[in-house]
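Next come the chains, spelled out residue by residue.
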Amino acid sequence: MTRASGVSVAIPEVRPAAPRAPFDPEVVRRQFPIFRAARPKPLHYLDSAATSQKPDAVLAAMDRYYSTCNANIHRGIYGIAEEATAAYEDARRRVARFVNAASPRELIFTRNSTEAINLVAYAWGRSQIKAGDAIVLTEMEHHSNLVPWQILAQERGVELRFIPVTGGGELDLAALPGLLADGRVKLVGVVHISNVLGTVNPVAEIARQAHAAQALLLLDASQSVPHCPVDVQALGCDFMAFTGHKLLGPTGIGALWARRALLEAMPPFLGGGEMIREVKLAGSQWNELPWKFEAGTMAIAEAVGFGAAIDYLESLGMEHVFAHDKALAAATMERLREVPDLTILGPPAAKRGGVVAFTLGTIHPHDVATVLDDEGVAVRAGHHCAMPLHEKLGVPASARASFHCYTVPAEIDALVRGLHRARKVFAS
Ligand SMILES: Cc1ncc(COP(=O)(O)O)c(C=O)c1O
């Protein structure tokens, strides 16, 4: 690839992954400084669906960037600027390869998943969607994959349709053919793994049906790319959004992957420096992909950290990470049966990733989380940015335990102890 400025720069190829050690969460955990920090009581971090913790390797990569080659990218004609550009573009290659993109040009860095979805809604949506068209979403979407489409729908007179969620917390796919039947649907947007229910959705089948109806498939992979192998080509995606901070990387960096032909045809999202090839007072020509969609100075250190996080996850093996998540979800669901009045939201363990949301009798989830915090157990409580889903499930809020590669069984024990204590506290 050449630099955005048009000056050639040698971008190192992605290094082959180091040989893998056997997956051991206790060993993995020791590589995360937050768990080594001295504190009055141990930290039981069960909120990885909100954001993941960061391993030494990610922090070191970002520190190395700032300490050795901090400079703006694609611009400077001097050594450290070339190194910074190489580091940034090398990160892009790693992220692109991780999801099996056909080319790094298909991988646009964004701030997060939310910005990636907004990029699609603005650049693709505003150029392709007109009054009378329809968009199919699901009732289990995170607000990030709902609100941008609501804004577009209001602006353009577009109909939003929803694949229902069953009482068991799965998508009612029997409804999809009917939703697609009139040929007005231009896009189907679906979350891969629900951040509330943990449900792993049958994306390839949804993509097949969407394409048969001439609609495109947008995948919100915020909870899947960080936890399991994801192959955009095998799944049949057209757009896919994901976010670095849930993937052991830093905040402030995420990605949109999209098929190259779509990106080529789309107008830019944000205008400014870097995304142009030539500017005259009367108008501008856009840069080539991927830079057409990367206006202004990007989050360079964060991109480097994102790339390092991917190296780290690859060294663990995504299949091991996912198996670990699933085993923890199954063990948690089993242990939670000991807690009276507790209701788990969502499908059986075999159909979910590492997320377990629940309610505890009439105790408000915020109160549950507060008692758990006293025990050093960090869980999320609230609607988890999925208010329509909670409404559908008939609960205003829930508490949620979620896991990653560093989660260990002792943390599940602490959760269960804390829940028994919450029942005692609120029984009196
Ligand atoms: C399923 C899902 N989609 C989208 C997002 C939004 O991610 P971000 O806030 O990084 O844009 C989240 C974050 O919780 C999520 O769980």
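Residues numbered from 1 in each chain as written. Predicted model: local features only at pLDDT ≥ 70, side-chain atom pairs only at ≥ 80, totals over all residues. Heavy atoms only, no water.

Trainee: Explain the UniProt feature "domain: Aminotransferase class V" (unreviewed entry) in the chain to me, using residue names and the numbers behind them.
Mentor: When the UniProt feature table is mapped to this numbering, "domain: Aminotransferase class V" (unreviewed entry) covers residues 44–415. Structurally, residues 44–415 comprises 39% helix and 18% strand, and the distance from its first C-alpha atom to its last is 8 Å. (UniProt positions renumbered as here; feature names shortened; annotations may be inferred. Helix = DSSP H or I, 4+ residues; strand = E, 2+ residues; numbered from the N terminus.)

Trainee: For a nonpolar patch on the surface, give the residues involved together with the corresponding values.
Mentor: A contiguous nonpolar surface patch, about 220 Å² in accessible area, is contributed by Tyr 122, Val 147 and Ile 151. Tracing the backbone shows Ile 151 in helix H6 (residues 147–156). In this structure Ile 151 comes out as partly exposed when scored by relative accessible area, which is 36%. (Patch = residues over 30% accessible without salt bridge, like charges linked within 9 Å, V, L, I, M, F, W, Y side chains within 5 Å. Areas by Shrake-Rupley, 256 points an atom, 1.4 Å probe, with all protein chains shown as cover. Salt bridge = Lys/Arg side-chain N within 4 Å of Asp/Glu carboxyl O. Buried < 20%, exposed > 50% of the residue type's maximum accessible area, 1.4 Å probe, protein only.)

Trainee: Quick rundown of the sheet that holds strand S12 (residues 355–360)? Include the residues and the values.
Mentor: Strands sit in the order S11-S12-S15-S14 across an open sheet of four strands; the sheet is antiparallel. Of all the strands in the sheet, the pair left with one neighbour each is strand S11 (342–345) and strand S14 (380–382). Strand-to-strand twist in this sheet, taken as the mean axis angle between neighbours without regard to direction, amounts to 30°. With four bridges connecting them, S11 and S12 associate as antiparallel partners. Within S12, the residue paired with Ile 344 across the bridge is Phe 358. In the packing of helix H12 (residues 318–336) onto the sheet, contacts are made with S11 and S12, and the angle to S12 comes to roughly 15°. Sitting on the sheet, helix H15 (residues 409–427) touches S11, S12 and strand S15 (398–402), and the angle it makes with S12 is about 15°. (Pairing = 2+ DSSP bridges. Axes fitted to C-alpha atoms, helices over the stretch in contact; angles between N-to-C directions. Contact = heavy atoms within 4.5 Å.)

Trainee: Please give an account of the sheet that holds strand S7 (residues 239–243) that cites residues and values.
Mentor: Sheet architecture is open: seven strands sit in the order S2-S8-S7-S6-S5-S3-S4, paired in mixed fashion. Edge positions in the open sheet fall to strand S2 (107–110) and strand S4 (159–163), since each of these has one partner strand only. If you compare each strand with its neighbour and ignore which way they point, the axes differ by 20° on average. In terms of strand pairing, strand S3 (residues 134–138) meets strand S5 (residues 185–191) through three bridges, oriented parallel. Along S5, the bridge assignment pairs Ala 134 with Val 185. Helix-sheet contacts for helix H4 (residues 79–98) involve S2, S7 and strand S8 (254–258), and the interaxial angle to S2 is about 115°.

Trainee: How would you sum up helix H11 (residues 300–316)? Please name residues and give values.
Mentor: Helix length check: H11 (17 residues) gives 25 Å between terminal C-alpha atoms against 24 Å at 1.5 Å per residue, within 8%. Burial analysis of H11 places 14 of its 17 residues in the buried class, which makes it a mostly covered element. Positive backbone phi, approximately 95°, marks Gly 317, located one or two places after H11. (Expected span 1.5 Å × (residues − 1).)

Trainee: So what's going on with the packing of aromatic side chains? Residues and values would help.
Mentor: Applying the stated criterion across every chain yields a total of ten aromatic pairs. Aromatic pair Phe 35 and Tyr 406: ring centres 5.3 Å apart, planes at 50°, arrangement tilted. Taken together, the residues span a long stretch of sequence, with Phe 35 in helix H2 (residues 33–36) and Tyr 406 in the loop between S15 and H15 at a distance of 371 residues. On the accessibility criterion, Phe 35 (18% relative accessible area) is buried. Between the aromatic rings of Phe 109 and Phe 306, the centroid separation amounts to 6.1 Å while the plane-to-plane angle is 50°, which identifies the pairing as tilted. Taken together, the positions of Phe 109 in strand S2 and Phe 306 in helix H11 put the pair 197 residues apart, joining distant regions of the chain. Taking relative accessible area as the criterion, Phe 109 reaches 1% and is therefore assigned buried. Assessed through its relative accessible area of 0%, Phe 306 is described here as buried. (Phe/Tyr/Trp six-rings, centres within 6.5 Å; stacked < 30°, edge-to-face > 60°.)

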